[in-house]
Amino acid sequence: MINILIALLSIFLIIYFFLLIDIYKDIYKKTIAYADAAVVLGAKSHIGSSINTCLDARVDQGVSLYKRGFAKKLIFTGGVDRGERVSEGELMQKIAVEKGALLKDIFLEKKSESTYENLVFTKKIMEQKKIKTVILVSDPYYLKRVDLIAKKLGLIHSLSPALNSPCWRNSKYLSSGFLLEPLHIILYKITGKI
């Protein structure tokens, strides 16, 4: 019995480290292509009473793509965090308008509670608004999973990491986000989301 447990743990650790290396090699990968819209995935809205600087960095990246002409529209996706009144999507829209994006060029998804739901609900918006191609924006270590979900959903997409996000920049490869991401990918694989 002990040998079986050791074997299972060994297999799990091999898979975990393989995924960690796979995420590592794609951290700085940008596949930006001109698209109909940039999709900015949500993150926790506030840390204490301040806007989450990681969320703000994602919005910065999306608005930058929009202003440089890589995306004609912006889609902000994210539901209401516990204890909040406004959805992540609505807060990102407010930030984007303050940064110069036009309200008429923004679509919101306000119900999602996970990365998977971000993209499932965004796909519905894309179908309604006849958006064919998107650039997906998130923190660098999330983009591997985002890419796998988008492929599973059949989205025509490219990737643009928010490299200036404090969630990435401050701790990089020692951040909890980076170290936990292989576990998220394993869970998503087991549940059929990727």
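Being a predicted model, the structure only gives us computed values, none of them experimental.

Calculation notes
- Residues numbered from 1 in each chain as written.
- Predicted model: local features only at pLDDT ≥ 70, side-chain atom pairs only at ≥ 80, totals over all residues.
- Heavy atoms only, no water.
- Core = buried A, V, L, I, M, F, W, Y, C linked by side-chain atoms within 4.5 Å.
- Buried < 20%, exposed > 50% of the residue type's maximum accessible area, 1.4 Å probe, protein only.
- Helix = DSSP H or I, 4+ residues; strand = E, 2+ residues; numbered from the N terminus.
- Contact = heavy atoms within 4.5 Å.
- Expected span 1.5 Å × (residues − 1).
- Bend = angle between axes of the 7 residues up to and from the residue.
- Axes fitted to C-alpha atoms, helices over the stretch in contact; angles between N-to-C directions.
- Parallel < 35°, antiparallel > 145°, perpendicular 65-115°, else oblique.
- Left-handed = near helix turned anticlockwise from the far one by under 90°.
- Nonpolar A, V, L, I, M, F, W, Y, C, P; charged D, E, K, R; others polar.
- Pairing = 2+ DSSP bridges.
- Phe/Tyr/Trp six-rings, centres within 6.5 Å; stacked < 30°, edge-to-face > 60°.
- Lys NZ or Arg CZ within 6 Å of the ring centre and 35° of its normal.
- Salt bridge = Lys/Arg side-chain N within 4 Å of Asp/Glu carboxyl O.

Visitor: Explain the nonpolar core to me, please; I cannot follow it from the model alone.
Guide: Generally speaking, a soluble globular protein has its nonpolar side chains buried in company with each other. One finds Ile-75, Leu-119, Ile-131, Val-134 and Leu-136 to be the most contacted residues of the largest nonpolar core, which totals 30 residues. Every element with two or more residues in this core is listed here: helix H1 (2-26), strand E1 (35-41), helix H4 (115-129), strand E6 (133-138), helix H5 (143-153) and helix H7 (176-190). The leading source of residues in this core is H5, at five residues. Ranked by size, the runner-up nonpolar core spans 21 residues in total, among them Ala-35, Leu-55, Ala-101 and Ile-106.

Visitor: Whenever I open this one, H5 confuses me. Can you help?
Guide: An α-helix turns once per 3.6 residues; consequently, residues spaced three or four apart project the same way. Across the eleven residues that make up H5, a large majority, eight, are buried. Listed as buried for H5 are Leu-143, Lys-144, Arg-145, Val-146, Asp-147, Ile-149, Ala-150 and Leu-153. Following H5 by one or two positions, Gly-154 has its phi on the positive side, about 75°.

Visitor: Even after reading the chapter, I still don't get the environment of Ala-37, so can you show me in this structure?
Guide: Turning to its location among the elements, Ala-37 is positioned in strand E1. What makes Ala-37 buried here is its relative accessible area of 0%. In the structure, Ala-37 is positioned 29 residues away from Tyr-66 in sequence and 7.9 Å away in space, judged by C-alpha atoms. Setting aside its immediate chain neighbours within four residues, Ala-37 contacts Ala-71, Lys-73, Ile-75, Ile-131, Thr-133, Val-134 and Ile-135.

Visitor: So what exactly am I meant to see when it comes to H7 here?
Guide: For H7, built from 15 residues, the straight-helix expectation of 21 Å at 1.5 Å per residue is met to within 8% by its first-to-last C-alpha distance of 21 Å. At Pro-182, H7 is deflected by roughly 30°, the largest bend along its length. Listed in full, the buried residues belonging to H7 are Gly-177, Phe-178, Glu-181, Pro-182, Ile-185, Ile-186 and Tyr-188. Looking at the buried residues of H7, the elements they touch are H1, H4 and H5. After H7 finishes, the residue Gly-192 shows a positive phi value of roughly 80°.

Visitor: It is not clear to me how the packing of H4 against H5 should be interpreted in this structure. Could you clarify?
Guide: To describe two helices that pack against each other, one gives the angle between their axes and the distance between the axes. Relative orientation of the contacting elements H4 and H5 amounts to 40°, with a least axis distance of 10 Å. With respect to each other, H4 and H5 are oriented oblique. Along this stretch, H4 crosses H5, giving a crossing that reads as right-handed. Together, Thr-115, Tyr-116, Leu-119, Val-120 and Lys-123 of H4 and Arg-145, Val-146, Ile-149, Ala-150 and Leu-153 of H5 make up the contact between the two elements. Split by residue class, the contact of H4 with H5 holds seven nonpolar, one polar and two charged.

Visitor: Explain the pairing of E1 here, please?
Guide: A regular strand carries its side chains on alternate faces of the sheet. Most of E1 sits out of view: six of its seven residues are buried. Inspection of the sheet shows E1 paired to strand E4 (residues 71-77) by six bridges, in the parallel sense. Of the residues in E4, the one forming a bridge with Leu-41 is Thr-77. For E1 and E6, the ladder comprises four bridges, and the chain directions are parallel.

Visitor: Whenever I open this one, the packing of aromatic side chains confuses me. Can you help?
Guide: To describe a pair of aromatic rings, you give the distance between the ring centres and the angle between the ring planes. Inspection of every chain in the model, using the stated rule, returns nine aromatic pairs. These aromatic residues form a ring-pair network of at least three members: Tyr-24, Tyr-28, Tyr-141, Tyr-142, Trp-168, Tyr-173 and Phe-178. Taking the ring centre of Phe-121 as reference, the NZ or CZ of Lys-111 above it sits at 5.9 Å. The cationic tip of Arg-145 hangs over the ring face of Tyr-188; the distance from NZ or CZ to the ring centre is 4.9 Å.

Visitor: Quick question: what am I supposed to make of the pattern of salt bridges here?
Guide: Pairs can form between side chains of opposite charge whenever their charged atoms are close. This model, assessed by the stated rule, comprises 14 salt bridges. Note that Lys-25 and Asp-22 form a salt bridge whose closest N and O atoms lie 3.2 Å from each other. Of this pair, Lys-25 and Asp-22 both sit in helix H1, separated by three residues, roughly a single helical turn. When its relative accessible area of 15% is taken as the criterion, Asp-22 is described as buried. Notably, a salt bridge pairs Lys-94 with Glu-98, separated by 3.0 Å at the nearest N-O pair. Here Lys-94 pairs with Glu-98, and both are found in helix H3 (residues 88-98), just four residues apart, close to one helical turn. You can call Glu-98 exposed: its relative accessible area is 59%. A network of salt bridges, in which partner residues are shared, links Asp-22, Lys-25, Asp-26 and Lys-144.

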